Structures are given as C-alpha cells and as structure tokens.
Amino acid sequence: MFDPYREQLNRRFQNALLSLFGEPVPRLVWSHPPKVQLGDLASPVAFDLAKRVRKAPAEIARELLRAAEPLPGIARADVAGGGYINLFLDRPGFLSAMFREVRSGKKPDQTAARGKRIIEHTNINPNKAAHVGHLRNAVLGDTLGRAFRYLGENVEIQNYIDDTGVQVADVVLGMSHLRGIDRAGIDSLPGRLDYYLWDLYREITERYEKEPALLERRRQVLRDLEAGQGDNARLGREIAVRVVRRHVETMQRINVTYDLLPWEGDILAEKFWDKTFRNLRESGTAYQPEKGKLAGCWVMRIQSSEDQEAGEEAEKVLVRSDGTVTYIGKDIAYQLWKFGLLNADFSYRPFFRYPDGREIWSTERSPGPRKAPSFGQGQIIYNVIDSRQARLQRIVAEGLRALGHPGEAERSIHFSYEMVKLSRACAEEMGFLPAGSDPGIKSVEISGRKGQGIKADDLIDIMSDKATREVGKRNPDFSPEEIRKTAETIAVGALRYFMIKFNRNRVITFDFQDALSFEGDTGPYIQYSVVRASNILRKIKERSGWTPKDLDSEIDTIDWTFLTGSEEGDLFWDILFQGSQWRERVLQATDTLELSQLARFCFQLSKKFNGYYHRYPVIQEKDKNRKWARMLLVYLYRQQMVQALDTMGIEVPDRM
RNA sequence: GCGCCCAUAGCUCAGCUGGAUAGAGCGUCGGACUACGAAUCCGAAGGUCAGAGGUUCGAAUCCUCUUGGGCGUACCA
C-alpha cells in the first residue's frame, strides 16, 4: 500500500544526504512514531549522523528536511523528540487511494514467486490421536502457508507420515500381543481407532518394563514394516491409513489442510533410501565403525563445531545394526526428494477430498488412477518441527551438505518453536499428577508414551461446547444448526488465535482457563469486533439505504477537514493507516517466522476499532459528511480484518 | 559437562532491524446497556525489565559473566 511512497521518500532523502553530507546512508529506515499525533512515519537518521557531522541531531534533522522537501504524499513534516524526522501523510489522498484499492478487490504488490515453497508440518506419528502439542505445530505450519499464499507465493503443504517407525511398531505389537487382534479385527474395535490406540500405546510402553523380551519382538515388527511385506506390515499400513484419516479430519475442523501426504514406507519401497544410502557411502559420509558400541551400524560423522569440543567423535546412526533405517536416514532421502535432487518420483493417488473440491494426494507405490499434480521440486523448504529436534534438523542439513548440496542445506529451514506443556492445574484435572506430588512442579510434559496429553478433538469439543452455551444465551432466535455452526467458528477462532499469539520460542503452558477464554486478547474478541462492523453496515442499509457500493461515488464528496486537529480524526486515521499495513506485517512475519505478529496486529486494530465505534456512532450521526466518513471506516476495517483473519485461518460468523 | 531457549505488573504475555514518558489481557477496585447487541467500552491501582559489568548520544533490546528455570545431548521421532 505505501511501498511507492517509501521508495520516493528514500530517493528524496538520499539525494538530500548526498548534497548535504557528501554520501547517502546504507539503509534508510522508516518506523512509526509511538503516537499518531506525532506523525505517521519517523526516521532516526539524524541521530546516526550526529557524531560524524558533529552537530545536534535536531539541527541535522531540520537541514535534511529542508533539503528533501517537497515530499510526495506528505502533508507536513516535523522534527521532534530531539532529532526524529516525523512525516505526516496526506490523509485524504491516502484514504481514497486505499479505498479504491480495497474496492478493486485485487491483491496488489504480489511478490514475484521465485519457486515453490514446500512447508512440512503436522507429521504426527500415525499410532495415536492428535493432541494439543500437535495443534500448535499444525496451526503454525498452516498459518505460514496461508501467509505465503497471501503474498502470492507458490506453496505446497506436505504432511509426512512416519508409518515405518518405532511408534507404529509399538502399536502393531500391542494389537497382536496384548489384544490378539489382526487386520480383520480392527473393524470390530469400539470407538475411534486413534483414541483406542492412545491407550494401547501407553499400555505396550509400560509392558516393555516388565517384559523386556518384547523389545526383541518389536525389532522384528520394525523389520517387517520396512520390508513392507507380511501380516505385520499389512496391519501397520492399515492402522496408519486409518489413523491418518482421523488426523486429517481433526485438522480439517480447525481449517488446516494439506496438499500431499508422503509416506515413509514409500520412500523405502521406491528405493529413495537405497539411492541416498549409496551416495552417502560413496561420498564417505556414511561408514561402519569397526568397534565400540556402534559397531555394526552405519553412521554419519557430525561435524558441527559444538560437538567437536566434546573430544569424542560425535556420530549419528543412519542404519541400525539390525539393518533398519533410522528417521535421520529416511529424512535425508525425503529432503533430497523435496528439492528434486533424486531424479526419481513417487506414484500418487488421491487420498481425501475437501468439501470445496480440493484434494489431498498421497504417495503410492504403483501408478494411481489419475494423473497427479506435480509435487516436490521445491526451492525453499520449511520444516515445522519443535525445538527439541533442532539437533536432528542440523544433522539432516549436514547430510545434504555432505552430499554436495550446500545451497539446498541452506534453504532447508527449520521452523523451530517451543513445545506445549500442561499447567499443573490442567495435569491435576486430567489425573496426570498423583496426589502429594512435589508442589514445586509447575507444569507437566506432554507424552504420548505415557498417555499424558489433551487430545485435539476433545479440546475442540470442549471449546465448542462452551461457545455453544455462549451463542445460545445471546441469540435465542438461532436454530440449533445455526448455534452449532457459529459455536464451531468461534471455537476454532479461539483455538487458532491461542496457538499463534505466543512467541514461537516461548513454551506454552496449556491451561483450560486461558485457552477457553473468549474475552480480551482472544480470537472471539476480534471476531466479535468484525461482526459488530458488519452489523453497523447492515443496519445503516436498513435505515438509511446506504451501501458500501454508494461509497464509490460518495467518497469524492467527503469533506476531510475533520481528520486534522480532532480526536476523532486522529483515531479514525490511526485505524485506517494501521490497517493498511497488513501486507507489511505479513512480510515481516514470514521473514522472521514470527507469526505471533499477525495475531497482535489484529488485536491492536480491533481494540482501536472497538473504542472508535463506542465513541462515534454511525447510524445516529446527523451530519451527513461524518456519517459517510464513519461508514467508510467501518467498511474498510471490516474488509481488512476479514482478509487478515483469513490469513490466520479464522472465519468470521454472520452473527455471534 | 557441552549446546539451544527462557527470565518484563499478582498471573499470562507484547515490546519489530537498539530510539521519543516500558504496553496488553486476565485478576482487583470503580463506572457505562429501554442498544449501531456489554464476547464491548471508560477509569484507577500495579514494574529497580532476574543480578552485575560493558558497548552507545541512547539498552528491556547488543556483548560478557552470575543466578534461576525449560529442552536437547538414543541403534525414539
């Protein structure tokens, strides 16, 4: 929206710097003053120059300003705060340009897509139900994808399915050994499979303690899974497919979608690993230690400087002594494929169809029924994985580098975030903390093995139930179906907002009370504010017959003098000017991978808008000029917010 | 031991590449609904930005150390 302004301003100021001090500055930064009354854009450049020029910053600022004027799009300029150059935009000009842009409906300033961005997220082991920790991952990954798509980037979302790992082996063993259930028996199990396995996974994990011999049987299961043949493999595949379907449905509830499910088993079956392994051996990256505890394994030396300090050679296992491949090994092969470096591709088949017609595809071992879109061949790859796996991510990147792909290693980005823990109150409520446990324990780790965690669907249900009560209370005229639909929208808004409002490297201590709040800094607060904006527009149409379309012609007749020198004018301008910076904010958020900035932007804007409509009524306003102007504000606010919320995967109900 | 992360109001958190009097939400106290719906708004109280040094015109923000916490350092992922 104001990129053009910025460029012109920079040129004028750099020229002024050149003529005054003989050289431009490397980077001219424009920030925003703490208050609108101080201006719209601010530059601290005079402070930087003060030492070199040996003059007071304020004096430099004034000289610079004189030399740079007249400034395009700027109504007034000021020096304040001891040397800041503060610029006031031409408000009427800016507003009508902004309005026309919004009305045109086109997304301006699309970044030129430089190639596909592949985002890998969710990645839940298909041996149990999804839990709150997985929700954080999925919401972050999905929001990142939405943000890039908003910017015009080419995005592909992949959800990697580890169907040949130890965790699936655990439940396969649990099924056969503890329950005596084979593939045919799955249908007769009570309830949903992912919930059933939640308990079974915990049970089998506990059983290893008493029956260590079971670990040997698990190794056999793991070998079978990798070989992809026999009863265990068939049972494993059956479990994985069914559980993944549940995960996809769970995530669909919170507007998280995927393009492709790459199966680890297919990486093995398609010989991607064999190919990668050959390269790793030939390049000397993978080797077999003769002795020591890793004798018989194939390992990779870790060259990170931190590890060398330890004195001992750091090595990471790629192939276990029993011949099975670790996650690291398979992941290196997967990363190579994602970058299109394997000269090989999967077969594909459709896996799931969303109501809007979009499809999730799945990798497959034999040619599928239909021609699939082109997958992989990414330019930049984002791996959304929590910070506990930082070391593994580094090692995978090292693998790429060792195979001669340093550029790809650089563009394989670990989107790292801290984990979700359960608050003490939450853990107690769920029965994860025995009575009399150490009062110093403030939070409890989520653990699938121990069956400790809040299942994603349970949480969504609880939030939905609460929203249902609130919606019903406020809207007695709603049909049960309307109540249900609205409540689900609100629950999703609350949940998604909650999951991205925190800094990514802050541990979220999950607590029901916080997550279930619909007031203050929450998704529903923002949804409510947009609903109110819609209501104002609806009512003004009923009572005055005015519609946003009328603004197309009315906007040119609006007298904007009230915008300057009045409290209303400042607030009015503040809201719209800030709202126009959404795209800037999205760029910043994707640059820093700090998506909490998106949430904060929306909350701040909503807060200002709420304050505005309380103080300045639209429909009752007698002065026609002001009434049109206020309606313009309400309209633009709503348009901006709907777009912003959509980027966060949050919908706005008609009423709530 | 080594590596990564965190420490800001009673609680939960913001504070963008160092910049103008440190901000929200919740909670507490006080106020505003025969309505553009109070899931809202207005006001008040509440902070040696863990501690100590350093860099700088300027530090919550950068550097060093200390303390306290989380996580990693598997032939789990």
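Above this text is the structure in question.
What counts and what doesn't
Residues numbered from 1 in each chain as written. Chains lettered and ligands numbered in written order. Predicted model: local features only at pLDDT ≥ 70, side-chain atom pairs only at ≥ 80, totals over all residues. Heavy atoms only, no water. Near = heavy atom within 4 Å. Polar contact = N/O pair within 3.5 Å; in protein donor to acceptor, adjacent residues only side chain to side chain. Helix = DSSP H or I, 4+ residues; strand = E, 2+ residues; numbered from the N terminus. Nonpolar A, V, L, I, M, F, W, Y, C, P; charged D, E, K, R; others polar. Axes fitted to C-alpha atoms, helices over the stretch in contact; angles between N-to-C directions. Parallel < 35°, antiparallel > 145°, perpendicular 65-115°, else oblique. Left-handed = near helix turned anticlockwise from the far one by under 90°. Contact = heavy atoms within 4.5 Å. Phe/Tyr/Trp six-rings, centres within 6.5 Å; stacked < 30°, edge-to-face > 60°. Buried < 20%, exposed > 50% of the residue type's maximum accessible area, 1.4 Å probe, protein only. Lys NZ or Arg CZ within 6 Å of the ring centre and 35° of its normal. Pairing = 2+ DSSP bridges.

A separate point is the protein's contact with RNA strand B. Residues in contact with RNA strand B amount to 66 residues; listed here are only the nearest, Tyr 84, Arg 320, Arg 532, Arg 600 and Met 656. Near-protein atoms of RNA strand B (within 4 Å) split between backbone and bases, with sugar and phosphate holding 66%. One of the side-chain nitrogen or oxygen atoms of Arg 474 is found 2.3 Å away from a phosphate oxygen of RNA strand B. Here Arg 600 contributes a side-chain N or O atom positioned 2.6 Å from a sugar or linking oxygen of RNA strand B. Per-element accounting of the surface near RNA strand B gives the leading share, eight residues, to helix α20 (residues 523-544). Class assignment for the residues of the surface near RNA strand B results in 30 nonpolar, 13 polar and 23 charged.

So, about the packing of α20 against helix α25 (residues 624-647). In contact at an axis separation of 9 Å, α20 and α25 are set at 140° when each is read in the N-to-C sense. Taken together, α20 and α25 sit at an angle that is classed as oblique. Where α20 crosses over α25, the two elements pack in a sense that is left-handed. Seen from α20, the contacting residues are Ile 526, Ser 529, Val 530, Ala 533, Ser 534, Ile 536, Leu 537, Ile 540 and Ser 544; seen from α25, they are Lys 627, Met 631, Val 634, Tyr 635, Tyr 637, Arg 638, Met 641, Val 642 and Leu 645. Partitioning the contact of α20 with α25 into residue classes produces 13 nonpolar, three polar and two charged.

So, about the packing of aromatic side chains. On inspection of all chains with the given rule, the structure shows 30 aromatic pairs. Measuring from centroid to centroid gives 4.6 Å for Phe 272 and Phe 346, while their planes differ by 50°, and the two rings are tilted. One end of the pair, Phe 272, is in helix α11 (residues 272-282); the other, Phe 346, is in the loop between α13 (327-338) and β10 (347-353), and 74 residues separate them in sequence. On the basis of relative accessible area, Phe 272 is assigned to the buried category, the value being 1%. With relative accessibility at 6%, the residue Phe 346 sits in the buried group. Both rings, one in Phe 346 and one in Tyr 348, keep their centres 6.2 Å apart while their planes meet at 70°; by these two values the pair is edge-to-face. Note on Tyr 348: relative accessible area 7%, which makes it buried. Each member of the aromatic cluster is reached from another via a ring pair, and the members are Tyr 160, Phe 272, Tyr 334, Trp 337, Phe 346, Tyr 348 and Phe 375. A cation sits over an aromatic face here: Arg 358 above Tyr 354, 5.5 Å from the ring centre.

A few words on the sheet that holds strand β2 (residues 74-80). Pairing is antiparallel across the open sheet formed by three strands, whose spatial order is β1-β3-β2. Edge strands, defined here as strands with exactly one partner in the open sheet, are β1 (41-43) and β2. Averaged over neighbouring strand pairs, the angle between their axes works out to 20° when direction is ignored. As judged from the six bridges shared by β2 and strand β3 (residues 84-89), these two strands associate in the antiparallel manner.

Each neighbour pair has its own omega, and for Glu 69 with Pro 70 the value is 0°, a cis peptide bond. Note on placement: Pro 70 falls in the loop between α3 (57-68) and β2. Backbone geometry places Thr 122, a non-glycine residue, at a positive phi of 75°. A residue is classified by how much of its surface remains accessible, and Thr 122, at 4% relative accessible area, is buried. One non-glycine residue, Asn 255, lies in positive phi territory at about 65°. The topology assignment puts Asn 255 in the loop between α9 (231-253) and β6 (260-261).

So, on to the environment of Ile 540. Locating Ile 540 in the fold gives a position in helix α20. In this structure the C-alpha to C-alpha distance between Ile 540 and Val 618, which are 78 residues apart in sequence, comes to 8.0 Å. Non-local contacts of Ile 540, meaning those with residues more than four positions away in its chain, are made with Gly 545, Trp 546, Val 618, Ile 619, Lys 627 and Met 631.

Next up on the list: the pairing of β10. Of the pairings in the sheet, the one linking β10 to strand β11 (residues 359-364) comprises six bridges and is antiparallel in character. In the strand pairing of β11, Ser 347 is matched with Glu 364. Here β10 hands over to β11 after five residues, with Gly 357 in that stretch at a positive phi of 100°.

The values reported here are purely geometric and, on their own, carry no functional implication.
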